[in-house]
Amino acid sequence: MGYASYRVYRRCGGFTNEAVYPLALYGSQLVLNWAWAPIFYLCHNIGLSVWHLVAIDIAAVACTTSFYQTTPIAGHLMLPYLGWLAFATCLNYTIWKLNP
């Protein structure tokens, strides 16, 4: 993810108008990702953490799409992360359903 964002940054020539949207999407999905752990582990709100992961999934897909449109290599570099998020979402959902 970090290298993908760097590729976008370099391709756009730094923090230019062209880079604002993809890098803002990147930053927002990072913030959402950071906020998941306290919801799941500290608040023990498993249901909310599932919906939070869905929001992360949507933000990460938007980020990946934006990266791909800027430079396809950056988009491809985000694919393992999307796979991980899909697994984490399924796992979190299963934990939620098995622990009413």
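Residues numbered from 1 in each chain as written. Predicted model: local features only at pLDDT ≥ 70, side-chain atom pairs only at ≥ 80, totals over all residues. Heavy atoms only, no water.

1. A short note on the pattern of salt bridges
Line of reasoning, step 1. Within this structure, the stated rule accounts for one salt bridge.
Line of reasoning, step 2. Glutamate 18 is paired through a salt bridge with arginine 11; the nearest N and O atoms lie 3.7 Å apart.
Line of reasoning, step 3. You can call glutamate 18 partly exposed: its relative accessible area is 44%.
Line of reasoning, step 4. Residue arginine 11 is classed as partly exposed on the basis of its relative accessible area, which comes to 47%. (Salt bridge = Lys/Arg side-chain N within 4 Å of Asp/Glu carboxyl O. Buried < 20%, exposed > 50% of the residue type's maximum accessible area, 1.4 Å probe, protein only.)

2. Some thoughts on the environment of leucine 48
Line of reasoning, step 1. Inspection of the secondary structure puts leucine 48 in helix H3 (residues 46–70).
Line of reasoning, step 2. Put simply, leucine 48 and tryptophan 96 are 48 residues apart on the chain and 9.5 Å apart in space, counted from C-alpha to C-alpha. (Helix = DSSP H or I, 4+ residues; strand = E, 2+ residues; numbered from the N terminus.)

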